[in-house]
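Here's the letter readout for the chains.
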Amino acid sequence: MENPYQDAIKQLEEARPYLDAPADMVEQLKFPKRFIRKLLSVKMDDGKIRKFPAFRSQHNDARGPFKGGIRYHPQVNEAEMKALSLWMTWKCAVVGIPFGGAKGGVVVDPKTLSSGELERLSRAYMRVFAPYFGAWKDVPAPDLNTNAQIMAWMVDEYQKIQSQKSKVKSQNDESPYAVITGKPVALGGSLGREEATGFGGSIILKLLAAKLGLKKRHATIAIQGFGNVGYWFAHFADKAGFTVVAAGDSKGAVSVPKGLNPQLTLACKEEKGKIASCYCVGSVCDLRHGKAISDDELLTLDVDVLVPAAMEGVIGIHNVQSVRAKAIIEMANGPVTEAAAVVLRKKGVVLVPDILANAGGVTASYFEWVQNLSGYYWTKTLVFERLGEIMEAAFAAVWELAQEKKVDLHTAAYILAVQRVADAMMLRGHRAEGKGNF
Ligand code: GLU
């Protein structure tokens, strides 16, 4: 697979000719400001201690505290962490929320752990990284294979550490919930955070469809990945009147030309363990009205909009020539490699980049952080209303810049984001710091 960090650097290079920023600053932006490696020691259910490599890549905090999720995956590695942390910086800048970018992860297959082991692993992560976290320093959140329960264990661990510290040093964190977002609503979480990434993506879909002249009911959508992001995207797209004709997870996909019902498909996936075993319409769940297809087939379906919503690198040089969609909305982080993006551009496929398309999640995280700091909690309607406003403004800004500079949406989003970060660095009196701190 192509290296995501090399891709992240190439994307920055593409924006460079359009930037008003000193060359050494752009050079500096290729590297995380701080990269932290730790080894977590976790007691397993059999009494043995197992070690898990764990990371936090803090890329940039010129516009506000570092921000970004923590993922649990066996393929987590340093290059991936660095790339994802750069993407978080650009994502927060594109939507104009006052955060920088970071990403964390643990090399683990969480599906092989018991709930107790998962809790001890999550608490261990927070223990070793707590000195780097804080409401005004670095604010983590969920990402691949992590969820609100994991954030609850982590915030609880953080608060324990804070209260132990305060006994000795008479110091306490004034906003102990604002250290982490994506928490359960009962523990300082925000209404709407769960749906936010998919909801934000559906706003982008509506705006894009209007620009491309796609008629809702006739516009066909294929979604790869039916986890939190893919499911909620399907839900809101369907509600808005689009036809979701295919959906898949890591074990295969279904094609349903008449359009699938996202809610029943999710219920069936949960019951049968995989989407490929189901197709649902009305109250019926079976294979009659749709057919099972492979994940690769889903990516090459002749649809209006393809929505990769799972992992990075799924559309690469190996399959890009077979992509037939008119547009791609990147709901995962980095699902289209740089080499593939170049080919898509030549083919005339419209590519809405991840840093814009999936920014709804971190925007709702920002709302959660604001609510925690102020102690005033919003209704779900207000969350969605403000999220809609931010996504619409970001899409309009990227679209206009693309027209003005005569570039594609991907490049325009990068120009907008990197320029905003560079402006903040210049206002701070930028000094070259060499190649990051490793
Ligand atoms: N993990 C999500 C992302 O990649 C959300 C990050 C956050 O809420 O901080 O955008």
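Since the model is a prediction, treat every value here as computed from it, not as a measurement.

Engineer: Help me out: how do you make sense of the sheet that holds strand β7 (residues 243–249) in this one?
Structural biologist: Whenever strands of a sheet pair, they do so through backbone hydrogen bonds, lying parallel or antiparallel. Reading across from one edge, β11-β8-β7-β6-β12-β13-β14 is the order of the 7 strands in this open sheet, with mixed pairing throughout. Either end of the sheet is taken by a strand with one partner, and the two such strands are β11 (291–293) and β14 (350–352). Averaged over all pairs of adjacent strands, the angle between strand axes in this sheet comes to 20 degrees, irrespective of strand direction. Contacts from helix α7 (residues 228–239) reach β6 (220–224), β7, β12 (305–308) and β13 (327–329) within the one sheet, and its direction differs from that of β6 by about 165 degrees.

Engineer: Just checking my understanding: could you explain the nonpolar core for this structure?
Structural biologist: Core analysis: the biggest nonpolar cluster contains 99 residues, and W90, V94, F233 and I329 have the highest contact counts within it. Ranked by the residues each element gives to this core, the list is headed by helix α14 (residues 409–427), at 12 residues. Those residues in contact with W90 that lie beyond four places of it in its chain are L12, L29, H59, I355, Y414, A417, V418 and V421.

Engineer: Hey, could you run me through the side chain of S255 in this one?
Structural biologist: Relative to the helices and strands, S255 is located in strand β8 (residues 252–255). The buried category is assigned to S255, whose relative accessible area is 12%.

Engineer: In this structure, what is going on with the site of the ligand? I would like to understand it.
Structural biologist: Neighbouring the ligand are 14 residues, the closest being K67, K91, P142, D143 and S365. In the environment of the ligand, an oxygen atom lies 3.0 Å from a nitrogen or oxygen atom belonging to the side chain of K103. At 2.7 Å from a nitrogen atom of the ligand is found a side-chain nitrogen or oxygen belonging to D143. Alone, the ligand offers 290 Å² of accessible surface; in the complex the protein occludes 93% of this. Those elements that place two or more of their residues in the shell around the ligand are β3 (66–73), α3 (78–94), β5 (138–142) and α12 (360–374). Each residue belonging to the shell around the ligand can be placed in one class, and the counts come to 4 nonpolar, 5 polar and 5 charged.

Engineer: How do you make sense of the packing of α3 against α14 when you look at a structure like this?
Structural biologist: Geometrically, a packed helix pair is captured by the angle between its two axes and the distance between the axes. Running from N to C, α3 and α14 point in directions that differ by 90 degrees, and their axes come no closer than 8 Å. In terms of their interaxial angle, α3 and α14 are classed as roughly perpendicular. For the pair α3 and α14, contact is made by W87, T89, W90, A93 and V94 and by A413, Y414, L416, A417, V418, R420 and V421, respectively.

Engineer: What is the right way to read the packing of aromatic side chains from this model?
Structural biologist: Aromatic ring pairs: the centre-centre distance and the angle between the two ring planes describe each pair. All chains considered together, the criterion is met by 17 aromatic pairs. On the numbers, 4.9 Å between centres and 65 degrees between planes, the contact of F99 with W369 is edge-to-face. Remark: W369 occurs in helix α12 and F99 occurs in the loop between α3 and β4 (101–107); sequence separation between them is 270 residues. F99 sits in the buried class, given a relative accessible area of 0%. Exposure remark for W369: the relative accessible area of 6% places this residue in the buried category.

Engineer: What's the story with the sheet that holds strand β2 (residues 49–60) in this structure? I'm lost.
Structural biologist: Reading across the sheet, the 5 strands line up as β1-β2-β4-β3-β5 and stay open at both edges, with mixed pairing between neighbours. Looking at strand neighbours, the two that pair on one side only are β1 (34–43) and β5, the edges of this open sheet. Neighbouring strand axes in the sheet, compared pairwise and without regard to direction, differ in orientation by 25 degrees on average. Pairing analysis gives 4 bridges linking β3 to β4, with the strands arranged parallel. Residue I70 lies in a different strand from β4, and its bridge partner there is G104. Where α3 meets the sheet, it contacts β1, β2, β3 and β4, and its direction lies at approximately 150 degrees from that of β4.

Engineer: Whenever I open this one, the UniProt feature "binding site: NAD(+)" (unreviewed entry) in the chain confuses me. Can you help?
Structural biologist: The feature "binding site: NAD(+)" (unreviewed entry), as annotated in UniProt, sits at T197 and N228 in this numbering. These annotated residues cover 32 residues of sequence, and their C-alpha atoms lie no more than 8.3 Å from one another, placing them together at a single site. Relative to the assigned elements, T197 resides in helix α6 (residues 193–212). When sequence neighbours within four positions are dropped, the list of residues in contact with T197 reads V229, M331, N358, G360 and G361. Considering the arrangement of structural elements, one finds N228 in helix α7. Under the relative-accessibility criterion, N228 is labelled partly exposed at 33%. Engagement of the side chain of N228 in a polar contact is seen with the backbone oxygen of E194, the distance being 3.1 Å.

Criteria and cut-off values
- Residues numbered from 1 in each chain as written.
- Predicted model: local features only at pLDDT ≥ 70, side-chain atom pairs only at ≥ 80, totals over all residues.
- Heavy atoms only, no water.
- Pairing = 2+ DSSP bridges.
- Helix = DSSP H or I, 4+ residues; strand = E, 2+ residues; numbered from the N terminus.
- Axes fitted to C-alpha atoms, helices over the stretch in contact; angles between N-to-C directions.
- Contact = heavy atoms within 4.5 Å.
- Core = buried A, V, L, I, M, F, W, Y, C linked by side-chain atoms within 4.5 Å.
- Buried < 20%, exposed > 50% of the residue type's maximum accessible area, 1.4 Å probe, protein only.
- Near = heavy atom within 4 Å.
- Polar contact = N/O pair within 3.5 Å; in protein donor to acceptor, adjacent residues only side chain to side chain.
- Areas by Shrake-Rupley, 256 points an atom, 1.4 Å probe, with all protein chains shown as cover.
- Nonpolar A, V, L, I, M, F, W, Y, C, P; charged D, E, K, R; others polar.
- Parallel < 35°, antiparallel > 145°, perpendicular 65-115°, else oblique.
- Phe/Tyr/Trp six-rings, centres within 6.5 Å; stacked < 30°, edge-to-face > 60°.
- UniProt positions renumbered as here; feature names shortened; annotations may be inferred.

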